[in-house]
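# Structural description and commentary
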Number of protein chains: 2
Amino acid sequence: MVRTREHTAKRFGTILFAAAFAIGLAACAASPPDRAAALSGPMSIAKQGSFFIGGHDVHSDTLSTLPNYAASGTVTVDQMYVHYQIPTGAKPLSLTLVHGCCLTGMTWETTPDGRMGWEEYFVRKGYPTYVIDQSDRGRSATDISAINAVRSGKAPISQLPTVFAASHESAWTIFRFGPQYPQTFPGEQFPVDAQASLWQQMVPDWSPSLGTPNPTVPALSQLAIRLGHTVLISHSQAGIYPFQTAAISTQGIAGIVSIEPGECPSATGDLTPYTRLPILVLFGDYVDLSPRWAPRLKACRAFVDAVDHAGGRAQLVLLPDEGIHGNTHMMMQDRNNLDVADWILRWIDTHVGAAGA
Amino acid sequence: MVRTREHTAKRFGTILFAAAFAIGLAACAASPPDRAAALSGPMSIAKQGSFFIGGHDVHSDTLSTLPNYAASGTVTVDQMYVHYQIPTGAKPLSLTLVHGCCLTGMTWETTPDGRMGWEEYFVRKGYPTYVIDQSDRGRSATDISAINAVRSGKAPISQLPTVFAASHESAWTIFRFGPQYPQTFPGEQFPVDAQASLWQQMVPDWSPSLGTPNPTVPALSQLAIRLGHTVLISHSQAGIYPFQTAAISTQGIAGIVSIEPGECPSATGDLTPYTRLPILVLFGDYVDLSPRWAPRLKACRAFVDAVDHAGGRAQLVLLPDEGIHGNTHMMMQDRNNLDVADWILRWIDTHVGAAGA
């Protein structure tokens, strides 16, 4: 009897396994044709364009040291550039992409080795997609008055803005291509042969001059309210911005996907806004090998656990635990960037889509 | 007899007038449906993306004054950002849009009052369209090393870069919205009620620190060679860039449309490169009322006449002479911006298209 039961259980287990295997195979096989369909052929755009959100007027007497341009007058600074594409037959849920340090919205466009970036992929997958340039970065103006004030002797040198540029060598380590330039981690997925194109994308970063929160944060809040139902997908330096935005108001924010945030909110702070939203904090590979990122992962895990403990729906995921290996900090440009995109879209579909898309 | 002849001539004249009127009406009526077809419905994109051209590596010891980012290392500067869209069934001739002072490629996207810009319109009209951010502007990195060198006492104040911002008040006059802020010229077409959105678009301009030609020029030359057959459409400060590009090489340049250039090449210089290309220099309205623009128009006319005299195919056009009135310096954003776009496309079709598209 017992043996028979065991035998039946074993047989049933074998059938279950075979069925699961078949379903898994089918799911696996389903992915590439879906991908191919999404990638090939024309893309049908219902609407595209750009606009700015936020910013404020500043009067300055040191706008220029040139005779051809007046020194005194008004300029608008701290606004945030937004480019968007809405495909035909768009889903009701939109995605807002917020780049990280020393980069611009270009992060999400074509990859350094010329493949499709997440922006186009998300549009092809049916999502209205909004790409921003952080305030004071890229197409979003910064205030240069202080430079001219110092130049013309009207202000002391200490008034110069704090601005920095990440070098190739330091970005290499920060982006976790390898332990140090130009070594790579075994199996890493960033197209390092095309690194020159990444270096061309990098821009100076004025954020240390801008205070906390970065002016991008209130601008993101205005954008979310305008869009009504958007997932804020942020990266690195901007990883904290959607949380800071939610602390202003959760209105319009359908969910948060924070990719390798430089910082998570404190696990011991007021977690109320975060308990109201589906939250994903996503890390790639090699995190434990990085003295920069390992402690950040740990702090984010504490935050996510605290949000869950407070009744929220936060989740921290390491891609290797999902069977996706070799991802660097620049996973939106890694060779398997569309695998990661698909994983994120499935997460959104499950955790945000079901919550009211 | 005489009276009869006069009568006949008059009748013939009346018939001619009526016929011309009917043809005119038909032409007039033909335009809006074409326009409506181009504007409405989805846009089919075969390919879109972005890349950088040009730039060079710089080693610096003053990239940062922050502990978290290394002061020493290599950065890439002076490259040019290029965003492109290729519609399905694209024409063989591409258009490259080069913005002017204190602006970025956003100039050509959505207008300040939310209408379609030239970039999308040209794509909808079938042209592969390339929009750049000038080197050291927008998404194209500038070198901030000198700011940190001065800040950390490693360089004198005189080493600070020359950078300026055009104020609302000075831009108002430069862009010829009126004689001075906030007056408008009668009948002017810029959507001044949406001026706040224009001010949000404006960014600081580092070009005085970059030498001549601006690094955008060799990058445009590389782009033209890569594209093979493109019309360089430039504006204002960048009005001279296509000419400077042609002076490097005319390879890949199918024609030049220079919109209200701040400067034309000298009428007494070497005109050889310019005799090889169809050239349009285009001005809007109120030019004679502007102490800034009237002498520039005059110098451009001398240049165009000299090119023609040397056997070239250059043309200078004032829009009011073509029956298009009220255009400011920002004609790509004026309320009649698509009328101007249509006029330019007809010019291109006649003068460039016929020349080998």
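Just above, that's the structure.
Bear in mind the structure is a predicted one, so any value in this text is a computation, not a measurement.

The rules behind each value
Residues numbered from 1 in each chain as written. Chains lettered and ligands numbered in written order. Predicted model: local features only at pLDDT ≥ 70, side-chain atom pairs only at ≥ 80, totals over all residues. Heavy atoms only, no water. Helix = DSSP H or I, 4+ residues; strand = E, 2+ residues; numbered from the N terminus. Buried < 20%, exposed > 50% of the residue type's maximum accessible area, 1.4 Å probe, protein only. Contact = heavy atoms within 4.5 Å. Areas by Shrake-Rupley, 256 points an atom, 1.4 Å probe, with all protein chains shown as cover. 1 Å grid on protein atoms, 1.4 Å probe; cavity = no way out; pocket = protein on both sides within 12 Å on 5 of 7 lines; lining within 4 Å. Points joined across faces, edges and corners; volume = space filled by probe spheres on them. Nonpolar A, V, L, I, M, F, W, Y, C, P; charged D, E, K, R; others polar. Core = buried A, V, L, I, M, F, W, Y, C linked by side-chain atoms within 4.5 Å. Buried area = accessible area lost by both parts, 1.4 Å probe. Salt bridge = Lys/Arg side-chain N within 4 Å of Asp/Glu carboxyl O. Polar contact = N/O pair within 3.5 Å; in protein donor to acceptor, adjacent residues only side chain to side chain. Pairing = 2+ DSSP bridges. Least-squares fit on C-alpha atoms with pLDDT ≥ 70 in both. Phe/Tyr/Trp six-rings, centres within 6.5 Å; stacked < 30°, edge-to-face > 60°. Lys NZ or Arg CZ within 6 Å of the ring centre and 35° of its normal. Axes fitted to C-alpha atoms, helices over the stretch in contact; angles between N-to-C directions. Left-handed = near helix turned anticlockwise from the far one by under 90°. Disulfide = S-S within 2.5 Å.

### Focus: the overall build of chain A
Of the regular secondary structure elements, chain A holds 10 helices and 10 strands. Counting across all 357 residues of chain A, residues that qualify as buried make up 58%. Contacts in chain A between residues at least 24 apart in sequence constitute 74% of all its contacts with a sequence separation of at least 6. For chain A, the accessible surface area stands at approximately 13900 Å², while carbon and sulfur atoms represent 56% of it.

### Quick notes on empty space enclosed by the protein
Throughout the structure, instances matching the rule amount to four cavities of 30 Å³ or more. For the largest cavity, the calculated volume is near 210 Å³. Gly138(A), Trp206(A), Gly138(B), Thr142(B) and Trp206(B) are the residues nearest the centre of the largest cavity, which is lined by 18 residues in total. Taken together, the residues of the lining of the largest cavity sort by class into eight nonpolar, six polar and four charged.

### Here we look at the nonpolar core
The biggest cluster of nonpolar side chains holds 89 residues, and the ones touching the most others in it are Trp118(A) and Ile348(A). Here this core takes eight residues from helix H10 (residues 337–351) of chain A, the largest share from any one element. Excluding residues that lie within four positions of it along the chain, Ile348(A) makes contacts with Leu93(A), Leu95(A), Val231(A), Ile233(A), Val257(A) and Gly353(A). Grouped together as the second largest cluster of nonpolar side chains are 88 residues, Leu95(B), Phe190(B), Leu220(B) and Val340(B) included.

### Considering the interface of chain A and chain B
In this complex, chain A contributes 74 residues to the contact, which on the side of chain B involves 74 residues. Overall, the association of chain A and chain B removes approximately 5900 Å² of surface from exposure, summing both partners, and the carbon and sulfur fraction of that is 53%. When residues of chain A are sorted by the area they lose upon contact with chain B, Tyr69(A), Arg139(A) and Gln200(A) head the list and together hold 14% of the total. The interface formed by chain A and chain B includes four salt bridges. Run the count over chain A and chain B and you get 36 residue pairs in polar contact (both at pLDDT 80 or more). Contributions of two or more residues to the side of chain A that touches chain B are made by strand S1 (43–53), strand S3 (73–77), strand S4 (80–87), helix H2 (118–124), strand S6 (129–133), helix H3 (145–151), helix H4 (168–174) and helix H5 (195–201) of chain A. For the side of chain A that touches chain B, the element with the most residues is S1(A), which contributes 10 residues. Looking at the side of chain A that touches chain B residue by residue, the class counts come to 34 nonpolar, 29 polar and 11 charged. Of the pairings in the sheet, the one linking S1(A) to strand S1 (residues 43–60) of chain B comprises three bridges and is antiparallel in character. Looking across to S1(B), one finds that Ile45(A) is bridged to Met43(B).

### Observations concerning the relation of the copies chain A and chain B
Laying chain A over chain B is done by rotating through 180° and shifting 0.0 Å along the axis; what remains is an RMSD of 0.0 Å. Such a combination of rotation and displacement between the chain copies is what one expects of a two-fold axis. A shared binding surface is used by both copies, with 100% of the interface residues of chain A retained as interface residues in chain B.

### Side note on the packing of aromatic side chains
A full pass over the atoms with the stated rule returns 29 aromatic pairs over all chains. Plain terms: the ring middles of Phe52(A) and Tyr81(A) are 5.5 Å apart, the flat faces sit at 55° to each other, and that makes the pair tilted. With Phe52(A) in strand S1 and Tyr81(A) in strand S4, this residue pair connects regions lying 29 residues apart in the sequence. The same class applies to Phe52(A) and to Tyr81(A), which are both buried. Look at Phe175(B) and Phe177(B): their rings are 5.9 Å apart centre to centre, the planes differ by 65°, and that puts the pair in the edge-to-face class. The two residues Phe175(B) and Phe177(B) agree in class, both being buried. An aromatic cluster is present here, built from Trp172(A), Phe175(A), Phe177(A), Tyr181(A) and Phe190(A) joined pairwise through their rings. The ring centre of Tyr69(B) lies 5.3 Å from the NZ or CZ of Arg292(A), which sits over that ring. The residue whose ring lies beneath Arg296(A) is Trp293(A), and the NZ or CZ to ring-centre distance is 4.6 Å.

### Brief notes about the packing of helix H6 (residues 216–227) of chain A against helix H7 (residues 241–248) of chain A
Each packed pair of helices is defined by two parameters, the angle between the axes and the distance between the axes. Residue and element names in this part refer to chain A. Across the interface, H6 lies against H7 with an axial gap of 9 Å and an inter-helix angle of 65°. With respect to the hand of their crossing, H6 and H7 are arranged in right-handed fashion. In contact with Thr-216, Val-217, Pro-218, Leu-220 and Ser-221 of H6, H7 contributes Tyr-241, Gln-244, Thr-245 and Ile-248. Its residues assigned to classes, the contact of H6 with H7 comprises five nonpolar, four polar and no charged.

### A few points about the side chain of Ser236(B)
All names here are of chain B. Relative to the elements of secondary structure, Ser-236 occurs in the loop between strand S5 (230–235) and helix H7 (241–248). Ser-236 gets classed as buried once you look at its relative accessible area, which sits at 8%. Apart from the residues within four sequence positions on either side, Ser-236 is in contact with Gly-100, Ile-259, Glu-260, Pro-261, Gly-262, Trp-293 and His-329.

### Comments concerning the pattern of salt bridges
Taken as a whole, this structure holds 18 salt bridges over all chains when the rule is applied. In this structure, Arg35(A) and Asp342(A) form a salt bridge, with 2.8 Å as the shortest nitrogen-oxygen distance. Taken together, the residues Arg35(A) in helix H1 (residues 2–39) and Asp342(A) in helix H10 connect sequence positions 307 residues apart. For the pair Arg35(A) and Asp342(A), a shared accessibility class is recorded, and that class is buried. As a salt-bridge pair, Asp133(A) and Arg139(B) come within 2.8 Å of each other at their nearest N and O atoms.

### Observations regarding the state of the cysteines
Residues and elements named next belong to chain B. Within the structure shown, the criterion is met by four disulfides over all chains. Residue Cys-101 pairs covalently with Cys-102 via a disulfide, S to S 2.1 Å. The class for Cys-101 is buried, based on a relative accessible area of 8%. Here Cys-264 connects covalently by a disulfide to Cys-300, the sulfurs 2.2 Å from one another. Handedness here is read from the sign of the S-S torsion; for Cys-264 and Cys-300, about 100°, the answer is right-handed. Here the residue Cys-264 occupies a position in the loop between strand S6 (253–259) and helix H8 (272–275), and Cys-300 occupies one in helix H9 (residues 294–309), the gap between them amounting to 36 residues. Here the disulfide map of chain A reads 1-2, 3-4, the bonded cysteines being numbered as they appear in the sequence.

### Quick notes on the pairing of S5(B)
Each regular strand shows side chains that alternate between the opposite faces of the sheet. All names here are of chain B. By the criterion of burial, S5 is predominantly enclosed, with six of the six residues buried. Taken together, the six bridges between S5 and S6 define a ladder with parallel strand orientation. The residue bridging Ser-234 from the neighbouring strand is Ser-258, located in S6.

### Some words on the environment of Ser145(B)
Residue and element names in this part refer to chain B. Counting through the fold element by element, Ser-145 comes out in helix H3 (residues 145–151). Along the backbone, Ser-145 and Ser-64 are 81 residues apart, and their C-alpha atoms lie at a distance of 7.9 Å. Excluding its chain neighbours within four sequence positions, the residues that come into contact with Ser-145 are Ser-60, Thr-62 and Leu-63. Within polar-contact distance, the side chain of Ser-145 engages the side chain of Asp-143 at 2.7 Å.

### Quick word on unusual backbone geometry
Peptide bonds are trans in most cases, and residues, glycine excluded, mostly fall at negative phi. Tyr181(A) connects to Pro182(A) through a cis peptide bond whose omega is -5°. By the secondary structure assignment, Pro182(A) is in the loop between H4 and H5. Note the cis peptide between Thr212(B) and Pro213(B), where omega equals -5°. With respect to the helices, strands and loops of the structure, Pro213(B) is situated in the loop between helix H5 (195–201) and helix H6 (216–227).

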